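Each chain, written out:
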Amino acid sequence: MKIKIPYGKKKLEVDVDDAIVAGIIEPNTVAAGDEAAIIRKGIEHPINSKSFDDFVADARDLLFIVNDHTRPTPTARILDIIYPKIENKNIKFIVATGIHRAPTEEEFKFILGKYYQLLKDRIYVHDARKTEDMAYLGTSSTGTEMYVNKLGVEAHKLVTIGSVEPHYFAGYTGGRKSFLPGIASYKTIEQNHKHALNPRAQTLVLEGNPVHEDMMDALKTIKGKEIFSIQTVLDGRKRVYHCTSGHIHDSFSMAIEKAHEVYCVNIKQKADIVVAVAGYPSDVDLYQSQKALDNGKLALKEGGIIILVSECRSGIGEESYFNLLASSQTPHEALKRIDQGYKLGYHKAAKMAEIATWAEIWGITGLADDVMQRAFIRPVHDLQAALDEAIRKKGHGAKVLFLMDASLTVPKLKV
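Residues numbered from 1 in each chain as written. Predicted model: local features only at pLDDT ≥ 70, side-chain atom pairs only at ≥ 80, totals over all residues. Heavy atoms only, no water.

1. Structural notes on the pairing of strand β8 (residues 145-149)
Working step 1: Relative to β8, strand β7 (residues 134-139) is paired through 5 bridges, and the arrangement is antiparallel. Opposite G138, over in β8, you have M146 as the bridge partner. (Pairing = 2+ DSSP bridges. Helix = DSSP H or I, 4+ residues; strand = E, 2+ residues; numbered from the N terminus.)

What follows is the structure in structure tokens.
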């Protein structure tokens, strides 16, 4: 069986015996419709909110909070629908980067399409480290101090544009994440993300998930601010499958069921070898590509081999997690040091180190060999050769599972 694996802008082809393939797992196929019609319907029927037209009618100014280049959110396609309603308004846009770097010129075009050049002088990039840009709003019940970008506080009305997908420790992206971590301060994000070390902070879980619950509680500090939320769910080909709008929490909740339909895929058995493909745009760096490992581990037998396929075109990403891993002799040592004191990013190191305690992590990436080794990943340079070696190593009866778009696709063992 010949299988083509996405890697950057090219495909890596491997040839594997049909008998050992446990599955080629992609997001579920769902009925595709007219994207513009889906978005328009979602916006024209808001949940627990006034209509979008009424919302913007009396706005002195509008701030649009949009996702950055690490999310597949179809911001430009949404603007195709709403821009005629706002083009004559006093509008600004802020890119909700959280702690990610600012987008490149190419990435701005990915986010905003043709609207980038049109709105260039009204686009701001959030920088969580600029304390002078933050305003204090209050504290959550668990102690998270809510500092957010002043633009979000000073704007008369806010419009958030997001997409809902599984997230490895927040349960799902979307909704409340536009604010925390989207436009929150470094200090605020660090306090919230410490909860990611809790075993209940996992993909698909909201109830009892301390990260999600802290986000929801912290957002109570922005009460009184008028917000219109637009949330989308994409199919496996990044087409708009569903759209909701209106109340920030209710529109998010209504989108979750549709996200589940797309991204939660049943598997019959776990495999000895999992090829976890970090799809675009999550293949931007190792920090983001870790999500593919976290979903891939759900389909992997204990003692198995997980092979990460990710271009990592921008390197390792945020450095704190990597420095922690690189300065530890073993994954167990890394986990022990995280227990002794948390810094933002250590949750990422913990997730990676945890896998490395019970499985082998191999990787074909654009990173230097020594960089990967310091993150407890064995570098490989030829996917076919790596697969052949892994199959020989696991022996007779070994099964291989290919998890395409592994950063978003969640394999669930069918009982």
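2. Quick word on the nonpolar core
Note on soluble globular proteins: their nonpolar side chains tend to be buried together.
Working step 1: With 72 residues, the main nonpolar core has F179, V274, L286, Y321, L325, M352 and L401 as its most contacted residues.
Working step 2: Considering every element that reaches this core, the biggest residue donor is helix α13 (residues 346-356), with 7 residues.
Working step 3: Setting aside its immediate chain neighbours within four residues, M352 contacts L286, Q290, L293, Y321, L325, I361, A375 and I377. (Core = buried A, V, L, I, M, F, W, Y, C linked by side-chain atoms within 4.5 Å. Buried < 20%, exposed > 50% of the residue type's maximum accessible area, 1.4 Å probe, protein only. Contact = heavy atoms within 4.5 Å.)

3. Overview of the sheet that holds strand β3 (residues 21-25)
Working step 1: What the 6 strands build is an open sheet, ordered β3-β19-β15-β16-β17-β18; its pairing is parallel. Here the strands that pair on one side only, and so sit at the sheet edges, are β3 and β18 (378-379).
Working step 2: Looking at chain direction, β3 and strand β19 (residues 400-403) are connected through 4 bridges and run parallel. Opposite I25, over in β19, you have L403 as the bridge partner.

4. What to know about helix α12 (residues 331-340)
Two residues of an α-helix separated by three or four positions point the same way, owing to the 3.6 residues in each turn.
Working step 1: Where α12 is concerned, the buried positions are P331, A334 and I338. One face of α12 carries all of its buried residues, which in axial projection span an arc of 55°. Seen from the buried face of α12, the exposed residues on the opposite side, beyond 90 degrees, are H332, K336, D339 and Q340.
Working step 2: Summarising the contacts, the buried residues of α12 are in contact with α11 (319-326) and α13. (Arc of directions from axis to C-beta.)

5. Concerning the environment of Y186
Working step 1: Structurally, Y186 can be placed in helix α7 (residues 186-193).
Working step 2: Among the residues examined, Y186 registers a relative accessible area of 24% and is labelled partly exposed.
Working step 3: Taking the C-alpha atoms as reference points, Y186 and L344, separated by 158 residues in sequence, lie 8.2 Å from one another.
Working step 4: Not counting residues within four places of it along the chain, the set of residues in contact with Y186 comprises I99, A128, R129 and L344.

6. Regarding unusual backbone geometry
Working step 1: Here the residue pair L180 and P181 is connected by a cis peptide bond, since its omega of 20° sits within 30 degrees of zero.
Working step 2: One can find P181 in the loop between β11 (171-172) and α7.
Working step 3: A cis amide bond links Y280 with the next residue in sequence, P281, at an omega value of 5°.
Working step 4: The residue C312 is not glycine, and still its phi comes out positive at about 50°.
Working step 5: Here C312 is to be found in the loop between β16 (300-309) and α11.

7. A closer look at the sheet that holds strand β4 (residues 62-67)
Working step 1: Pairing within the open sheet is mixed, and its 6 strands lie in the order β6-β5-β4-β9-β12-β13. A single partner strand is all that each edge strand has here, and the edge strands are β6 (123-125) and β13 (240-246). Strand-to-strand, the axes of this sheet are offset by a mean angle of 20°, without reference to chain direction.
Working step 2: By the bridge criterion, 7 bridges tie strand β9 (residues 157-163) to strand β12 (residues 226-234) in an arrangement that is parallel. Its bridge partner being in β12, L158 is matched across the sheet by I227.
Working step 3: Along the sheet, helix α1 (residues 35-44) contacts β12 and β13; its crossing angle with β13, the most-contacted strand, is approximately 20°. (Axes fitted to C-alpha atoms, helices over the stretch in contact; angles between N-to-C directions.)

8. Observations regarding the pattern of salt bridges
Working step 1: Taken as a whole and assessed by the stated rule, the structure comprises 21 salt bridges.
Working step 2: One salt bridge connects R77 with E35, and the closest N-O pair in it is separated by 2.4 Å. Linking R77 in helix α3 (residues 75-86) with E35 in helix α1, this pair joins segments that are 42 residues apart in sequence.
Working step 3: For E35, a relative accessible area of 24% corresponds to the partly exposed category.
Working step 4: One salt bridge connects K120 with E105, and the closest N-O pair in it is separated by 3.4 Å. Of the two residues, K120 sits in the loop between α5 (115-119) and β6 while E105 sits in helix α4 (residues 105-112), which places them 15 residues apart along the sequence.
Working step 5: On the basis of relative accessible area, E105 is assigned to the partly exposed category, the value being 38%. (Salt bridge = Lys/Arg side-chain N within 4 Å of Asp/Glu carboxyl O.)

9. Focus on the packing of helix α10 (residues 286-296) against α13
Working step 1: One way to put it is that α10 packs onto α13 with a least axis distance of 10 Å and a crossing angle of 40°. Taken together, α10 and α13 sit at an angle that is classed as oblique. For α10 against α13, the interelement crossing comes out left-handed. Facing α10, whose interface residues are L286, Y287, Q290, K291, L293 and D294, α13 presents H347, K348, K351, M352 and I355.
Working step 2: A breakdown of the residues in the contact of α10 with α13 according to their chemical character gives 5 nonpolar, 2 polar and 4 charged. (Parallel < 35°, antiparallel > 145°, perpendicular 65-115°, else oblique. Left-handed = near helix turned anticlockwise from the far one by under 90°. Nonpolar A, V, L, I, M, F, W, Y, C, P; charged D, E, K, R; others polar.)

10. Brief notes about the packing of aromatic side chains
Working step 1: For the structure on display, the rule yields 11 aromatic pairs.
Working step 2: Each ring, one from F108 and one from Y116, has its centre 4.9 Å from the other, and the planes form 5°; the classification is stacked. Y116 carries the same exposure label as F108, and that label is buried.
Working step 3: Between Y342 and Y346 the ring centres are 6.2 Å apart and the planes differ by 80°, which places this aromatic pair in the edge-to-face class. Just as Y342 is buried, Y346 falls in that class too.
Working step 4: Joined through ring pairs, the aromatic side chains of F52, F55 and F228 make up one cluster.
Working step 5: Positioned above the aromatic ring of F55 is the side chain of K157, whose terminal nitrogen or guanidinium carbon lies 4.8 Å from the ring centre.
Working step 6: When the ring centre of W362 is taken as reference, the NZ or CZ atom of R378 above it lies at 4.3 Å. (Phe/Tyr/Trp six-rings, centres within 6.5 Å; stacked < 30°, edge-to-face > 60°. Lys NZ or Arg CZ within 6 Å of the ring centre and 35° of its normal.)

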